[in-house]
Amino acid sequence: NAGVTQTPKFRVLKTGQSMTLLCAQDMNHEYMYWYRQDPGMGLRLIHYSVGEGTTAKGEVPDGYNVSRLKKQNFLLGLESAAPSQTSVYFCASSYDPAGLLNYNEQFFGPGTRLTVL
Amino acid sequence: DQQVKQNSPSLSVQEGRISILNCDYTNSMFDYFLWYKKYPAEGPTFLISISSIKDKNEDGRFTVFLNKSAKHLSLHIVPSQPGDSAVYFCAASRADRGSTLGRLYFGRGTQLTVWP
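In what follows, the accompanying structure is described. Here the structure is a predicted model, which means the values were calculated and not measured.

### Some thoughts on the sheet that holds strand β7 (residues 62-67) of chain B
Residue and element names in this part refer to chain B. Spatial ordering of the open sheet is given by β1-β3-β8-β7-β6, a layout of five strands whose pairing is antiparallel. With one partner strand each, in any of the chains shown, β1 (4-5) and β6 (56-59) form the two edges of the open sheet. Bridging between strand β3 (residues 19-25) and strand β8 (residues 72-77) involves six bridges; their strand directions are antiparallel. Paired with N22 across the two strands is S74, which belongs to β8.

### What to know about the side chain of Q25 of chain A
Residue and element names in this part refer to chain A. Within the fold, Q25 resides in strand β3 (residues 19-25). A polar contact of 2.9 Å, which involves the side chain of Q25, links it to the backbone oxygen of H29. The contacts of Q25, once residues within four sequence positions are left out, are G3, V4, M32, R68, K71, Q72 and S93.

### A word on the nonpolar core
Generally speaking, soluble globular proteins have nonpolar side chains that are buried together. All names here are of chain B. Within the largest apolar cluster, 24 residues are counted, with the highest numbers of intra-cluster contacts made by V4, F33, W35, L73, L75 and Y88. With four residues, strand β9 (residues 86-94) is the largest single contributor of residues to this core. Once residues within four sequence positions are removed from consideration, V4 is found in contact with C23, D24, Y25, F30, C90, A92, Y105, F106 and G107.

### Description of the pattern of salt bridges
As enumerated under the stated definition, the model contains six salt bridges over all chains in all. Among the ionic pairs, R44 of chain A bridges to D38 of chain A, the shortest N-O distance being 2.8 Å. D38 of chain A gets classed as buried once you look at its relative accessible area, which sits at 10%. One salt bridge in this structure joins K37 of chain B and D84 of chain B, with 3.9 Å as the shortest N-O distance.

### Regarding a nonpolar patch on the surface
Residue and element names in this part refer to chain B. On the surface, a nonpolar cluster with roughly 230 Å² of combined accessible area is contributed by I18, I20 and V78. With respect to the secondary-structure elements, I20 resides in strand β3. In this structure I20 comes out as partly exposed when scored by relative accessible area, which is 37%.

### Quick word on unusual backbone geometry
T7 of chain A connects to P8 of chain A through a cis peptide bond whose omega is -5°. Within the element layout of this structure, P8 of chain A appears in the loop between β1 (4-7) and β2 (10-13). That bond from V78 of chain B to P79 of chain B is cis: its omega, -10°, falls within 30 degrees of zero. Structurally, P79 of chain B can be placed in the loop between β8 and β9. A positive phi angle, near 60°, is found at N28 of chain A, a position not held by glycine. Within the fold, N28 of chain A resides in the loop between β3 and β4 (31-38). Relative accessible area serves as the criterion here: at 49%, N28 of chain A is assigned to the partly exposed category. Positive phi outside glycine occurs at K71 of chain B, with the angle close to 55°.

Here is what the cut-offs are and how they apply
Residues numbered from 1 in each chain as written. Chains lettered and ligands numbered in written order. Predicted model: local features only at pLDDT ≥ 70, side-chain atom pairs only at ≥ 80, totals over all residues. Heavy atoms only, no water. Pairing = 2+ DSSP bridges. Helix = DSSP H or I, 4+ residues; strand = E, 2+ residues; numbered from the N terminus. Polar contact = N/O pair within 3.5 Å; in protein donor to acceptor, adjacent residues only side chain to side chain. Contact = heavy atoms within 4.5 Å. Core = buried A, V, L, I, M, F, W, Y, C linked by side-chain atoms within 4.5 Å. Buried < 20%, exposed > 50% of the residue type's maximum accessible area, 1.4 Å probe, protein only. Salt bridge = Lys/Arg side-chain N within 4 Å of Asp/Glu carboxyl O. Patch = residues over 30% accessible without salt bridge, like charges linked within 9 Å, V, L, I, M, F, W, Y side chains within 5 Å. Areas by Shrake-Rupley, 256 points an atom, 1.4 Å probe, with all protein chains shown as cover.

Here's what the structure looks like:
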């Protein structure tokens, strides 16, 4: 299994350009997440999805959109990139957060480093 | 508002000694806690977890302690090794179903450096 993969690994955009980050998982996980990591800020949740066709906002959703048309894919879109969106983006997935064990082990991808000039 | 806090951004420990990483939380609805480890240019990887019904969980060199009354948990690494040098994130999850289902709340991380 490849686990969680992210495309692309690196990208440089100019302010105002748009792009889509792709996340794919082959673990048949129900839940998928997009985070951004900035120095000294930890991992902040952008959007997440609890199933195919559903999405929800996290703590920092502004300027981003997402889609989950297929269970294995979760796309993160930037319609008009801004320098404040320069960050490392991580996708994660998890299987059974609704289970009786009350835990949620998320599996992370390797990240996408995005620079907006 | 930060619900999970790691107040030490960095920790430096000599090889062979104990590393203790601390984490505090404010939300009493959290009932499961996890530690993730992150190397540069890689995604975080799960390390160890603990349920709120326990006060200790051990896995090899790694032990997590939970003090619910103080809303505090700690990760002990004994003995520390240079390969343990990484950023460690504390995370918490809530048991209640609904809009927060599946979410993890992360601290800002602690950079651990283990020197020979």
